[in-house]
Amino acid sequence: MSEIKNRLTTTAGAPMPTNEHSQTAGPRGPLLLQDYQLLEKLAHQNRERIPERAVHANGWGLEGIFTVTHDITRYTRAKLFSEIGKTTDVLSRWSTVAGEQGAADAERDVRGFSLKFYTEEGNWDMVGNNTPVFFVRDAYKFPDFIRTQKRHPKTNLRSPEAMFDFWAAQPESVHQVTILMSDRGIPVNPSHMNGYGSHTFSFWNADGERFWVKLHFKTQQGHAHHTNAEAERLIGKTRENYQEDLYNMVNEGRFPKWTLFLQVMPEREAETVPYNPFDVTKVWPHADYPLIEVGELEMNRIPENYFQMVENAAYSPSNVVPGIGFSPDKMLQARIFSYADAHRYRLGTHYEALPANAPKAADVNHYHKDGSMRFFRNDTGNPDAYYEPNQYENAPVADPSVQEPPLTISGDADRYGNAQDVDDYTQPRALFNLFDDGQKQRLYENYAAAMGPVSKPVKERWYAVLAKVSAEYEAGVRAANDALDSDVNAVPVTDDTPVPAE
Ligand code: HEM
């Protein structure tokens, strides 16, 4: 018999005589407890699943590259932006928010838009969405909001009643809900949607000047969306059209691309603009803060192993690099805690050392020790330097030159509710007024499809919110709901899919 070149082994490396037959006391059984390979095979199977993400569980990822095309060094000293032509490796993950793993890709939902930039000074994670705003402005409300998107504890079904009950009590959500119910609610696939950092972040330059920034990744493929009717037909054929589309695009060399733009606000201007520039339910007017071009993102590789690179990907807004920082946005501030905590639970203490998350270029030198699955080297390069400060010359020390400029904050510690003068309606009104007649009609009908099972009192509460945006908006949604109520056989959707105005 010819020599076997690639021998099957146990996890401990010993060659295996068979991978098909268990060890028994005779051909009819019973099994022998000493058949450790069978026990291990069954035990491994029992441990193949890890907890899915509490939100954004259903996702798709690619690897690619970011290239700087314009000089923004006057705003940030971040090394990845240091010169035109510079490239940085990126891992993307797009996702729906509510669906569990295996949910249909073409559901009406906000999409996550996560990018991990493996920069030479550590990983920068841009954990955004395909919308520039969010449903709530205070992190305290986030777990309740997500509960309304997930399953009812008794029926184990999604609950439109819970969704609209919650939104009606949070008028700040009407901006995001308008986007969700518009044509943009079901992108054809992630290549046809924009990505937004949504929050305000800070950039700081080599002179220690801080700027507030918003990030926009604009699709170069153009916006394209499915109507409800198209999505229903599609889901009848395949639940995995996003994974299929991305896989086929990259295999065929049609690499999806985005252009990164910034909006930039000088630090002090935040005190004088007539709105809270750190409120994630609001956009900054482009007339006041025009888009500044930065670079191009091209996603051009399918990860060799989905679980290793996409399921194990651990994105966190806490991952910033020198030149990029946070802002006072209280949603962003909570996310700084929440994601790393989620990863420790979902992936384990050393999630940052997994291949998807390990920094590529930076030296990784820290004094954190030991712990479960500490599978990488357990010292700083000098076994005596296991604490800090220490006497050793070659031991890692902090670099004061990467200190962020001080942030001036003044205020009384309190639990502030929504200020009375916060205007939750002008921006959604401006968005609604941009829609043409067809887009408005589909908006109404998408609402009717989503609100069908909602009780009359909750519907009325949501209509009251819409009325504050626009009487036309309220009347349109009410009429579409009434038409559906009076004709249970009506099909409240149209078939054409024009791209909404930018
Ligand atoms: C206080 C508000 C928020 C909290 C506490 C929160 C918390 C979380 C948690 C715990 C996860 C799961 C992480 C994991 O297990 O890997 C997650 C995922 C995610 N969240 Fe949030 N979130 C908040 C708001 C937002 C906002 C405003 C955005 C977008 C602007 C956003 C975008 C995402 C994305 C894209 C993912 C999926 C990341 C991935 O692809 O792995 N979240 N969020």
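Fair warning: this is a prediction, and the values are worked out from it, not measured in the lab.

Procedures and definitions
- Residues numbered from 1 in each chain as written.
- Predicted model: local features only at pLDDT ≥ 70, side-chain atom pairs only at ≥ 80, totals over all residues.
- Heavy atoms only, no water.
- UniProt positions renumbered as here; feature names shortened; annotations may be inferred.
- Helix = DSSP H or I, 4+ residues; strand = E, 2+ residues; numbered from the N terminus.
- Core = buried A, V, L, I, M, F, W, Y, C linked by side-chain atoms within 4.5 Å.
- Buried < 20%, exposed > 50% of the residue type's maximum accessible area, 1.4 Å probe, protein only.
- Contact = heavy atoms within 4.5 Å.
- Axes fitted to C-alpha atoms, helices over the stretch in contact; angles between N-to-C directions.
- Parallel < 35°, antiparallel > 145°, perpendicular 65-115°, else oblique.
- Left-handed = near helix turned anticlockwise from the far one by under 90°.
- Salt bridge = Lys/Arg side-chain N within 4 Å of Asp/Glu carboxyl O.
- Donors = N, O, S within 2.8 Å, 3.2 Å for Na, K, Ca; no water.
- Nonpolar A, V, L, I, M, F, W, Y, C, P; charged D, E, K, R; others polar.

This brings us to the UniProt feature "domain: Catalase core" (unreviewed entry) in the protein chain. With numbering aligned to this structure, UniProt lists the feature "domain: Catalase core" (unreviewed entry) at residues 9-396. As annotated, residues 9-396 has a helix share of 21% and a strand share of 19%, and its two end C-alpha atoms lie 40 Å apart.

In terms of nonpolar packing, the biggest core is built from 42 residues, with Phe135, Phe164, Trp167, Tyr447, Trp462 and Tyr473 touching the most fellow members. Only helix H2 (142-149), helix H3 (160-169), helix H4 (174-181), helix H9 (426-434), helix H10 (437-451), helix H11 (456-469) and helix H12 (471-486) provide two or more residues apiece to this core. Examining the composition of this core, we find that 6 residues originate from one element, H11, more than from any other. The residues contacting Tyr447, other than those within four sequence positions of it, are Phe164, Val177, Thr178, Met181, Trp462, Leu466, Tyr473, Val477 and Asn481.

Next up on the list: the packing of H3 against H11. Contact geometry for H3 and H11: axes closest at 9 Å, N-to-C directions at 40 degrees. The angle between the axes of H3 and H11 places the two elements in the oblique class. Where H3 crosses over H11, the handedness of that crossing is left-handed. Residue-level inspection shows Glu161, Phe164, Asp165, Trp167, Ala168 and Ala169 of H3 in contact with H11, the latter providing Val458, Arg461, Trp462 and Val465.

With that settled, the discussion passes to the pattern of salt bridges. Summed over all chains, the structure comprises 30 salt bridges. Across the pair Glu121 and Arg77 runs a salt bridge, and its minimum N-O distance is 3.3 Å. Of this pair, Glu121 sits in the loop between strand E3 (111-119) and strand E4 (122-129) while Arg77 sits in the loop between strand E1 (59-68) and strand E2 (87-96), and the two are 44 residues apart along the sequence. Given the relative accessible area of 25%, Glu121 is considered partly exposed. Of the charged contacts, one joins Asp165 and Arg461 as a salt bridge, the two residues approaching to 2.7 Å between their closest N and O atoms. With Asp165 in helix H3 and Arg461 in helix H11, this pair connects stretches of sequence that are 296 residues apart. Residue class for Asp165 comes out partly exposed when judged on its relative accessible area of 35%. Each of Arg137, Lys141, Glu172, Asp279, Lys282 and Asp424 takes part in one network of salt bridges that share partners.

Only one protein atom coordinates the iron atom of the ligand: Tyr339 (OH), located 1.7 Å from the metal. Relative to the helices and strands, Tyr339 is located in helix H8 (residues 330-346).

This next bit is on the packing of H11 against H12. Packing of H11 against H12 leaves a shortest axis separation of 6 Å and a crossing angle of 150 degrees. With respect to their mutual orientation, H11 and H12 come out roughly antiparallel. Residues Lys459, Glu460, Tyr463, Leu466, Ala467 and Val469 of H11 lie in contact with H12, whose contacting residues are Ala471, Tyr473, Glu474, Val477, Arg478, Asn481 and Asp485. Counted by class, the contact of H11 with H12 contains 7 nonpolar, 1 polar and 5 charged residues.

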